[in-house]
Amino acid sequence: MISLREEITVPRSVEDCFRYVADFRSVTEWDATAQRCQKVSQGPIGLGSAFEVDCRVGPTSITLHYEITEYEPWATIVLVGKGRFFDVQDTITFTETDDGTRIVYCADFTYRWGLERLEGQLEAGMRAMGAESLAGLKKALSEKPAAPAISACSERADRWVVPGIAMFSRWGFKRSLPQRQPVSQYLDGQHVVVTGASSGLGLATSVALAEAGADLTLVIRDPKKSAALLDTIEAETGRRDINIELADLSLMAHVEALSARLLAQGKPIDVLINNAGALFNEYGLTEEGLEQSFALLLLSPWQLTRNLLPLLADHERKCRVINVVSGGMYTEQLACNRLIMEPDDYQGARAYARAKRALTVVTELWAEAWADRNITVNAMHPGWADTPGVASALPTFRSITRRILRSPEEGADTIVWLARAAEAGDITGQLYLDREPRTPYLLEKTREAPGEREGLEAFLAAQLALTETETPAAA
Ligand SMILES: NC(=O)c1ccc[n+]([C@@H]2O[C@H](COP(=O)([O-])OP(=O)(O)OC[C@H]3O[C@@H](n4cnc5c(N)ncnc54)[C@H](OP(=O)(O)O)[C@@H]3O)[C@@H](O)[C@H]2O)c1
């Protein structure tokens, strides 16, 4: 048997350190040999939680099946890992100190298939690996990474356009993994509002943010989905203290009513995630007489965010607004007079792309306007993710690209990162894919003409005023 023992002290609370290590998915952020880790058990992290970890060993990779066999909150975790060639027992203890938390990490390796005879030769390498891993853990729990910049490779890919678009696939997500910085911040006590939380990316985001401790308000439109949503979050995280708000966000009357309720509750918002969306293949008007793509994808998040400004602005803690846009917007140029498509020339994908382009421009305008109100505003696009929305709106696209689509969790990863990572609070006015700022323009011809950007918010205000005068319900 080879036994390793390493000790570190980090300037973090014992609770944060314990949670970070107990959710063993974090291992890929601090152990250089761990390439992939998946939680394979249901339910919140605790006794019996199981993980599958792919570790690099020389030129090859082996899979270890870990299980938490002892779990004493804020004090001790024992993980037993079983692999083809060896088993390992990790015993990790946490002690509060004057300046943070002391973590003692012991790992006992038991070899099989005669490999125990090689222990003498293996030991020095194993010790070096253990020390490196604990240095990684110390860094993950101590340092705030710098805000990311676009990599040379992504810049080149965007310049050549087609490789840039290829990164929307799951390969793009996979490619970005080695560059990632650890995220060890928790959102306890932070109020996060997520729209469109009942399915796809919104659901994946909500589960991840519930795990991170956020105080969640989830906006959904269908009351019948409320119980299932709460059950899913509870099954994954053990939490049921979630506030659900009902609103059909394609209706401005509902946007106003939702805003009024949240304002009346008066709870400051730390993160607002404008995620609700749909691609409408057929032309349609809302009952307020607005073209539905324009209403849901643009006018609604624009008005909701402005309404909620008193809850977002001027906090002690910086507030984050995250707008979920789409890579589809790369095909379209902002032109205010083309944002509302007419029935005879309506194309769902174009209406969708134009609204998402405009929301990206709105993101930049707000970032500038609200910089001195302690609000950051960023847009992200998820790439191509296999969600119920894609399945129903783009069945042919989905059947062709199915093997390369991201999971909802992979699509939602950058939303969660923008909400949670310390360094994400330092950036504003950017468009993100895979935690990296990306150009909002892949094609020069899609840059807006002079005056369009400046006229956008006045155009939206005029459309809203028209809705208010034409809809008795909104009066
Ligand atoms: N998946 C992708 O590849 C992809 C790519 C680019 C951008 N996006 C964007 O990502 C966001 C999430 O999409 P998704 O793929 O996760 O789709 P999804 O699975 O259909 O989820 C969309 C969410 O928005 C909600 N929603 C739709 N219309 C609404 C309305 N009128 N009022 C309130 N909520 C409404 C849906 O509620 P119901 O459950 O009641 O329908 C659902 O919760 C959207 O903004 C989408 O444009 C997705």
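Residues numbered from 1 in each chain as written. Predicted model: local features only at pLDDT ≥ 70, side-chain atom pairs only at ≥ 80, totals over all residues. Heavy atoms only, no water.

Visitor: Any details on the environment of G277? Residues and values, ideally.
Guide: Counting through the fold element by element, G277 comes out in the loop between strand 11 (271-274) and helix 10 (292-307). What makes G277 partly exposed here is its relative accessible area of 47%. Taking the C-alpha atoms as reference points, G277 and E234, 43 residues apart in sequence, are found 24 Å from one another. With sequence-adjacent residues up to four places away left out, G277 is seen in contact with L296 and L297. (Helix = DSSP H or I, 4+ residues; strand = E, 2+ residues; numbered from the N terminus. Buried < 20%, exposed > 50% of the residue type's maximum accessible area, 1.4 Å probe, protein only. Contact = heavy atoms within 4.5 Å.)

Visitor: Please set out the side chain of Q190 residue by residue, giving values where relevant.
Guide: Residue position: Q190 is located in the loop between helix 6 (170-176) and strand 8 (191-195). Looking at Q190, the relative accessible area reads 16%, which means it is buried. Discounting chain neighbours no more than four positions away, the residues touching Q190 are A214, D215, D270 and R317.

Visitor: I'd like a description of the site of the ligand, backed by residues and values.
Guide: As a matter of local geometry, the ligand sits amid 29 residues, with S198, S199, N275, Y352 and T387 nearest to it. Within the backbone of L201, a nitrogen or oxygen atom sits 2.8 Å from an oxygen atom of the ligand. Here an oxygen atom of the ligand sits 2.9 Å away from a polar atom, N or O, in the side chain of K356. When the ligand sits alone it has 880 Å² of accessible area, and the protein chains cover 92% of it. For the shell around the ligand, the secondary-structure elements that each account for two or more residues are helix 7 (200-211), helix 12 (348-369) and helix 13 (388-393). (Near = heavy atom within 4 Å. Polar contact = N/O pair within 3.5 Å; in protein donor to acceptor, adjacent residues only side chain to side chain. Areas by Shrake-Rupley, 256 points an atom, 1.4 Å probe, with all protein chains shown as cover.)

Visitor: For helix 8 (residues 226-237), give the residues involved together with the corresponding values.
Guide: Compared with an ideal rise of 1.5 Å per residue, which puts twelve residues at 16 Å, helix 8 spans 16 Å between its outermost C-alpha atoms and is within 8% of the ideal. For helix 8, the full list of buried residues reads S226, L229, L230, I233 and T237. In a view along the axis of helix 8, the buried residues occupy a sector of 95°, so they form one face of it. Lining the buried residues of helix 8 we find helix 7, strand 9 (215-220) and strand 10 (243-246). Phi turns positive, to about 80°, at G238, one or two residues after helix 8. (Expected span 1.5 Å × (residues − 1). Arc of directions from axis to C-beta.)

Visitor: Any chance you could break down the domain arrangement of the protein for me, citing the residues and the numbers?
Guide: Accessible area lost during the coming together of the parts is what is often quoted as the interface size. Once the domains are mapped, the protein shows domain 1 (2-142) and domain 2 (152-474). A C-alpha centroid distance of 36 Å is found between domain 1 and domain 2. Listed by partner, the interface residues are 13 residues for domain 1 and 14 residues for domain 2. Taken together, both faces of the contact between domain 1 and domain 2 bury some 1100 Å²; the carbon and sulfur share is 37%. (Domains from an automatic or database assignment. Buried area = accessible area lost by both parts, 1.4 Å probe.)

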